[in-house]
Each structure stands twice: as C-alpha cells, then as structure tokens.
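Here are the chains, one letter per residue:
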Amino acid sequence: MGTVVDDTASVEFHAFFERHYAELSRLAHLLTGEADTADDLAADALLALWHRWDRVRAADHPAAYARGVVANLARTRIRSAVRERRRIALFWSHREERTENPDVAGVVDVREALRRLPFRKRACVVLRHAFDLSEKDTALALGVSVGTVKSQTSKGMAELQRLLGTREVPQRVHAAVGTAARGDTAEGVRKRSGGAEGRDR
C-alpha cells in the first residue's frame with residue numbers, strides 16, 4: 001500500500017516539475033539578475049519541495065508555495081552576494097565606481113534596472129508584470145498583504161520609469177520573461193533529486 005502512495009506522489013511531483021520548472025527558473029533569473037545561477041535556484045527550490053511534498057501537494061496553491069521558496073532562495077543569494085561585494089570593496093575601494101547622476105535612460109536594460117530595485121519591490125514588479133500574477137497571488141507567493149503588493153509594485157514601477165526613461169515599463173518588464181533564463185533542460189534538478197523516485201520515500 002505504501003508503495004502505491006509513494007508512486008502516486010512521485011508521479012504528481014514530476015508533473016509539477018515539468019509544469020513549473022521553466023517558470024521558476026525565469027523567476028529566479030529576474031529576481032537575482034544571474035542567468036548562470038537561475039537553474040540552480042529553481043533546482044534547489046524543487047528539491048526542497050520534494051522533501052516536503054506531502055505538505056506541498058496538500059496546499060491550496062502549490063505553485064504560489066513554490067514561487068515563495070524561489071523568492072526566499074533568491075533573497076538569500078542576493079544578501080550573500082552583497083556581503084561578498086562589501087568584503088571585496090574593503091580591498092579595492094580605490095576602484096569604487098561613482099554612479100551619481102548616471103545616464104541610465106539609454107544604457108540600462110530592464111534586467112539591470114530590476115537589479116537596482118530593493119528585493120521586495122523587484123519581486124512584486126516581476127510577479128505582477130512579468131508573470132501576470134494577480135495582486136492576491138503575488139501576496140500569497142511572497143507572504144505579504146495585498147496592500148503591501150500594491151504599494152511596493154507602484155513604487156517599483158515608478159523607480160523603473162525613472163531608470164529606464166520610459167513609460168512603457170509594464171510591456172518591457174513582461175518582455176523580459178522571454179529573454180530570461182528559460183530552464184529548458186531539467187537535468188540539473190533531476191540529478192539533485194536523484195530522479196525523485198529513489199530518495200526520501
């Protein structure tokens with residue numbers, strides 16, 4: 001009987017994996033700005049979901065749960081990168097670049113502009129305008145209130161308009177999904193999860 005249950009869980013997980021892996025990879029890319037780590041973050045998120053699959057499969061919104069895991073991993077990644085840059089800056093302070101009054105209107109693309117936003121604003125903008133999630137679904141994924149989503153999205157879009165020098169920000173943010181890391185290959189997470197069938201059952 002236990003084997004039947006385990007097999008069912010494995011089938012459900014793999015269906016979820018095939019349906020959401022590419023999306024989660026694109027989300028990780030847009031949140032971190034790092035194409036080379038997006039697949040790894042998506043893989044780590046799905047591996048974490050597999051470890052707690054009984055809880056995830058019983059959730060009202062498993063996809064929102066997955067997006068929240070990716071957002072948390074991305075936040076941790078960014079904080080780690082910031083700490084590392086600060087340590088390097090202690091030794092290379094004479095090479096610090098000054099960015100007062102940069103001419104960003106013509107040279108900063110959408111992903112670079114997104115990287116300049118504080119994480120919560122970036123996450124709200126990406127989920128609302130790149131992934132077309134509702135305010136409710138965005139709030140659910142990030143674990144915040146709908147009011148916070150409205151406020152952070154509005155402020156984030158205003159900052160992007162300033163950085164990009166255009167009012168066509170929603171269209172450009174949405175278009176960024178198509179050029180973000182697509183995660184077309186699933187080999188990375190399959191290696192990490194051992195194919196799911198053979199572990200943690």
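Above this text you will find the structure in question.
Residues numbered from 1 in each chain as written. Predicted model: local features only at pLDDT ≥ 70, side-chain atom pairs only at ≥ 80, totals over all residues. Heavy atoms only, no water.

A.B. asks: How do you make sense of the overall build of the protein chain when you look at a structure like this?
C.D. replies: Looking only at helices and strands, one finds 10 helices and 0 strands in the protein chain. Counting only residues that meet the buried cut, the protein chain has 43% of its 201 residues in that class. If you take every contact in the protein chain between residues at least 6 apart in sequence, the share linking residues at least 24 apart comes to 74%. Element-wise, carbon and sulfur atoms account for 48% of the exposed surface of the protein chain, whose accessible area totals about 11300 Å². (Helix = DSSP H or I, 4+ residues; strand = E, 2+ residues; numbered from the N terminus. Buried < 20%, exposed > 50% of the residue type's maximum accessible area, 1.4 Å probe, protein only. Contact = heavy atoms within 4.5 Å. Areas by Shrake-Rupley, 256 points an atom, 1.4 Å probe, with all protein chains shown as cover.)

A.B. asks: How should the environment of Thr-148 be read in this particular structure?
C.D. replies: As for its position among the elements, Thr-148 is in helix α8 (residues 146-164). Spatially, the C-alpha atom of Thr-148 lies 9.4 Å from that of Glu-135, the residues being 13 residues apart in sequence. At 2.9 Å, the side chain of Thr-148 forms a polar contact with the side chain of Ser-145. (Polar contact = N/O pair within 3.5 Å; in protein donor to acceptor, adjacent residues only side chain to side chain.)

A.B. asks: I tried to follow the side chain of Gln-152 on my own but got confused; where do I start?
C.D. replies: If you trace the backbone, Gln-152 turns up in helix α8. You can call Gln-152 buried: its relative accessible area is 16%.

A.B. asks: Before we go on, may I ask you to explain the pattern of salt bridges in this structure?
C.D. replies: Any two side chains of opposite charge can pair, given that their charged atoms come close. Considering all chains together, one arrives at 5 salt bridges under this definition. Between Lys-121 and Glu-159 there is a salt bridge; the shortest N-O distance is 2.5 Å. Taken together, the residues Lys-121 in helix α6 (residues 119-130) and Glu-159 in helix α8 connect sequence positions 38 residues apart. What you see here is one network of salt bridges that share partners, running through Glu-12, Asp-54 and Arg-57. (Salt bridge = Lys/Arg side-chain N within 4 Å of Asp/Glu carboxyl O.)

A.B. asks: Which parts of the structure should I look at to understand the environment of Ser-145?
C.D. replies: Its location among the elements puts Ser-145 in the loop between α7 (135-142) and α8. On the accessibility criterion, Ser-145 (39% relative accessible area) is partly exposed. The spacing of Ser-145 and Glu-135 is 10 residues in sequence and 9.0 Å in space, taken between C-alpha atoms.

A.B. asks: How should the packing of aromatic side chains be read in this particular structure?
C.D. replies: Each aromatic ring pair is specified by the distance between its two centres and by the angle formed by the two planes. All chains considered together, the criterion is met by 4 aromatic pairs. Aromatic pair Phe-13 and Trp-50: ring centres 4.9 Å apart, planes at 55 degrees, arrangement tilted. Taken together, the residues span a long stretch of sequence, with Phe-13 in helix α1 (residues 2-32) and Trp-50 in helix α2 (residues 35-51) at a distance of 37 residues. Residue class for Phe-13 comes out buried when judged on its relative accessible area of 2%. (Phe/Tyr/Trp six-rings, centres within 6.5 Å; stacked < 30°, edge-to-face > 60°.)

A.B. asks: Would you take a moment to explain unusual backbone geometry for this structure?
C.D. replies: Trans is the common state for peptide bonds, and a negative phi is the common state for residues other than glycine. Of note in the backbone geometry, Asp-132 takes a positive phi value of approximately 55 degrees without being a glycine. Secondary-structure assignment places Asp-132 in the loop between α6 and α7.

A.B. asks: I tried to follow the environment of Val-56 on my own but got confused; where do I start?
C.D. replies: With respect to the helices and strands, the residue Val-56 is situated in helix α3 (residues 53-57). In this structure, the C-alpha to C-alpha distance between Val-56 and Phe-13, residues 43 residues apart in sequence, is 9.6 Å. When sequence neighbours within four positions are dropped, the list of residues in contact with Val-56 reads Leu-49, Pro-62 and Tyr-65.

A.B. asks: Is there a simple way to explain the nonpolar core in this structure?
C.D. replies: By size, the foremost hydrophobic cluster in this structure holds 49 residues, and its most contacted members are Leu-31, Leu-46, Leu-114, Val-126 and Leu-160. By residue number, the principal contributor to this core is α1, which donates 10 residues. (Core = buried A, V, L, I, M, F, W, Y, C linked by side-chain atoms within 4.5 Å.)

A.B. asks: Would you mind showing me how to read α8 here?
C.D. replies: Counting along an α-helix, one turn takes 3.6 residues, and residues three or four places apart therefore face a common direction. Here α8 contains 19 residues, and its C-alpha end-to-end distance of 26 Å stays within 8% of the 27 Å for a straight helix at 1.5 Å per residue. Those residues of α8 that sit buried are Val-149, Gln-152, Thr-153, Gly-156, Met-157, Leu-160, Leu-163 and Leu-164. In a view along the axis of α8, the buried residues occupy a sector of 135 degrees, so they form one face of it. (Expected span 1.5 Å × (residues − 1). Arc of directions from axis to C-beta.)

A.B. asks: Looking at this structure, I do not really get α6. What am I missing?
C.D. replies: With respect to burial, α6 is a largely interior element, 9 of its 12 residues being buried. At the C-terminal side of α6, Asp-132 shows a positive phi close to 55 degrees.

A.B. asks: Please explain the packing of α6 against α8 as it appears in this structure.
C.D. replies: In a pair of packed helices, the angle between the axes and the distance between the axes together describe the arrangement. Viewed as axis vectors pointing N to C, α6 and α8 meet at an angle of 95 degrees, and their least axial separation amounts to 8 Å. The orientation of α6 relative to α8 falls into the category roughly perpendicular. On the side of α6, the interface is formed by Arg-120, Lys-121, Cys-124, Val-125, Arg-128 and His-129, while α8 contributes Thr-148, Val-149, Gln-152, Thr-153, Lys-155, Gly-156, Met-157, Glu-159 and Leu-160. For the contact of α6 with α8, a count of residues per class yields 5 nonpolar, 5 polar and 5 charged. (Axes fitted to C-alpha atoms, helices over the stretch in contact; angles between N-to-C directions. Parallel < 35°, antiparallel > 145°, perpendicular 65-115°, else oblique. Nonpolar A, V, L, I, M, F, W, Y, C, P; charged D, E, K, R; others polar.)

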